[in-house]
Amino acid sequence: MLLYAIFVEKPFYATFVENSGGTDMTEYREGDRSRAICSVCGHIVSTTFALRDVPFDAGIGVVPNVLAAVCDNCGGVVAIPAQSTNAIARAHEALRG
Ligand SMILES: [Zn+2]
């Protein structure tokens, strides 16, 4: 399930190892908890979903207010749930005009 690889510099491990609902249809909300592999911490961490401004991987522009899984350990964006990828695609198109 999931995700969308967006990161400026570091390799991006966008794989959740578990989620609260246990199905691919899970829709996350702010404050939901999950676990994922954080590329900064280098291991599985607990995450909390929150709205973040996420940079495009090209480093040009930012997608505002994307629901993302944020590492509880280092505060970095660990993963973007599939439900957020539509917003990202729209923002990308808007950016290109
Ligand atoms: Zn981390």
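What you see is a predicted model; the values in this text were computed from it and never measured.

Engineer: I'm lost on the overall build of the protein in this one. Help?
Structural biologist: Along the protein, the regular secondary structure elements total 1 helix and 5 strands. When the helices and strands of the protein are listed from N to C terminus, the series reads β-β-β-β-β-α. Classification of the 97 residues of the protein by burial places 27% in the buried group. Long-range pairs, those at least 24 residues apart, make up 44% of the contacts in the protein with a sequence separation of at least 6.

Engineer: Sorry, what's going on with the pairing of strand E2 (residues 33-38) here?
Structural biologist: Along any regular strand, the residues point their side chains to alternate faces of the sheet. The sheet contact formed by E2 and strand E3 (residues 43-55) spans 6 bridges and is antiparallel. Looking across to E3, one finds that isoleucine 37 is bridged to isoleucine 44. Linking two consecutive strands that pair antiparallel, namely E2 and E3, is a turn of 4 residues; a positive phi of about 80 degrees is found at glycine 42 within it.

Engineer: Just checking my understanding: could you explain the nonpolar core for this structure?
Structural biologist: One broad rule of soluble globular proteins: the nonpolar side chains tend to lie buried together. Of all hydrophobic cores here, the largest spans 17 residues; its most connected members are Ala68, Ala69 and Val78. Among the elements of the structure, E2, E3, strand E4 (62-71) and strand E5 (77-79) are those that each provide at least two residues to this core. Among the elements that take part in this core, E4 stands out by supplying 7 residues, more than any other. Those residues in contact with valine 78 that lie beyond four places of it in its chain are Ala36, Cys38, Val45, Thr47, Ala69, Val70 and Cys71.

What counts as what
Residues numbered from 1 in each chain as written. Predicted model: local features only at pLDDT ≥ 70, side-chain atom pairs only at ≥ 80, totals over all residues. Helix = DSSP H or I, 4+ residues; strand = E, 2+ residues; numbered from the N terminus. Buried ≥ 20, exposed ≤ 12 C-beta atoms within 10 Å, placed from the backbone. Contact = placed C-beta atoms within 7 Å. Pairing = 2+ DSSP bridges. Core = buried A, V, L, I, M, F, W, Y, C linked by C-beta atoms within 7 Å.

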